Amino acid sequence: MLKDGNHAFLTGHGVLEQVSADDLDEDLQAGQRPFAVVVGCADSRTPPTILFNQGLGRLFIVRVAGNTLDRRGVASVVYAVKHLKTPLVVVLGHTGCGAVSAAASVVDGATMDPALEDMLTPIIPAVIAARTQPHADPAVAAVEENARRVAYRLRTLENALDEPLASGRLKIVAAVKDLRTGEVRFLDQ
Ligand SMILES: [Zn+2]
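A few points on the structure.

Analysis parameters
- Residues numbered from 1 in each chain as written.
- Predicted model: local features only at pLDDT ≥ 70, side-chain atom pairs only at ≥ 80, totals over all residues.
- Heavy atoms only, no water.
- Helix = DSSP H or I, 4+ residues; strand = E, 2+ residues; numbered from the N terminus.
- Rg over C-alpha atoms; globule rule 2.2 N^0.38 Å.
- Areas by Shrake-Rupley, 256 points an atom, 1.4 Å probe, with all protein chains shown as cover.
- Lys, Arg positive; Asp, Glu negative; His and termini not counted.
- Charge placed at Lys NZ, Arg CZ, Asp CG, Glu CD.
- Phe/Tyr/Trp six-rings, centres within 6.5 Å; stacked < 30°, edge-to-face > 60°.
- Donors = N, O, S within 2.8 Å, 3.2 Å for Na, K, Ca; no water.
- Buried < 20%, exposed > 50% of the residue type's maximum accessible area, 1.4 Å probe, protein only.
- Salt bridge = Lys/Arg side-chain N within 4 Å of Asp/Glu carboxyl O.
- Contact = heavy atoms within 4.5 Å.
- Patch = residues over 30% accessible without salt bridge, like charges linked within 9 Å, V, L, I, M, F, W, Y side chains within 5 Å.

Another aspect to go through is the overall build of the protein chain. When its secondary structure is counted, the protein chain shows nine helices and five strands. Relative to a compact globule of 189 residues, whose C-alpha radius of gyration would be 16 Å, the protein chain shows 17 Å and is just as compact. Counting only C-alpha atoms, the protein chain reaches 55 × 40 × 30 Å along its principal axes. With the model as given, the accessible surface of the protein chain reaches about 10200 Å², and the carbon-plus-sulfur share is 53%. Here the protein chain carries 19 positive and 22 negative side-chain charges, and the mean point of each set is 5 Å from the other.

What follows is the structure, encoded as structure tokens:
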């Protein structure tokens, strides 16, 4: 559904212009059953609702610059999986991510702005790891590695997700949105 939705967005066949308050019908007022959690970047050019062409009640979205997760972000994901029974978590990075490039600048010796430390610090290990990998574009490699690492952390460090993962009721994947084309590419694990 996410791939189809992204295709609809790319080809101009989206349905979001038809989304209205009428969609908040009795079913949606009674509860939500979003089919995917998206952990995305706060970047104004990466709204999952639009990129995936999904209306109300479809996506449970956690967004912070650099698409990392702090404890409250993790708890939000766990809430969706445990209580809303959402079967899929997508960690969505994007090319041209300012947070990732700022973290790369710190790795290269730029002074860390203390006000941005909580945003940049979680990204730095991904930047360093990406530089050991062969990749045509180091900036894209860092974005991919950052998304993969957040997904990996959810898969391996969150005990609350162990059971749904082991039973096959939950899948956690990483993806990258191309800033220029709007295409979302799902990454290998
Ligand atoms: Zn970003």
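Our focus in this paragraph is the packing of aromatic side chains. Summed over all chains, the structure comprises one aromatic pair. Aromatic pair Phe 60 and Tyr 79: ring centres 6.1 Å apart, planes at 45°, arrangement tilted. Of the two residues, Phe 60 sits in strand E2 (residues 59-63) while Tyr 79 sits in helix H4 (residues 71-83), which places them 19 residues apart along the sequence.

The next subject is the coordination of the zinc ion. Taken together, Cys 41 (SG), His 94 (NE2) and Cys 97 (SG) make up the full set of protein donors to the zinc ion, lying 2.0 to 2.3 Å away. Read in sequence order, the donor residues for the zinc ion give the motif C-x52-H-x2-C. Of the two residues, Cys 41 is situated in the loop between strand E1 (36-40) and helix H3 (48-51) and His 94 in strand E3 (residues 88-94); the sequence distance between them amounts to 53 residues. His 94 sits in the buried class, given a relative accessible area of 1%.

To continue, consider the pattern of salt bridges. A full pass over the atoms with the stated rule returns seven salt bridges. Its salt-bridge partner being Arg 45, residue Asp 43 comes within 2.7 Å of it at the nearest N-O pair. Since its relative accessible area comes to 44%, Arg 45 is described here as partly exposed. Between Arg 185 and Glu 144 there is a salt bridge, with its nearest N and O atoms 2.9 Å apart. Of this pair, Arg 185 sits in strand E5 (residues 184-186) while Glu 144 sits in helix H8 (residues 138-157), placing them 41 residues apart in sequence.

Next up on the list: the side chain of Glu 144. With relative accessibility at 8%, the residue Glu 144 sits in the buried group. Residues within four places of Glu 144 in sequence aside, it is in contact with His 135, Val 176, Arg 185 and Leu 187.

This part covers a nonpolar patch on the surface. On the surface, Phe 9, Leu 10 and Ile 50 cluster together into a nonpolar patch covering about 230 Å² of accessible area. Its place among the elements puts Ile 50 in helix H3. With a relative accessible area of 41%, Ile 50 lands in the partly exposed category.

Phi is positive for Asn 53, close to 55°, though the residue is something other than glycine. Mapped onto the elements of the fold, Asn 53 is located in the loop between H3 and E2. On the basis of relative accessible area, Asn 53 is assigned to the buried category, the value being 11%. Phi at Lys 85 takes a positive value of approximately 60°, unusual for a residue other than glycine. The residue Lys 85 is located in the loop between H4 and E3 in this model.

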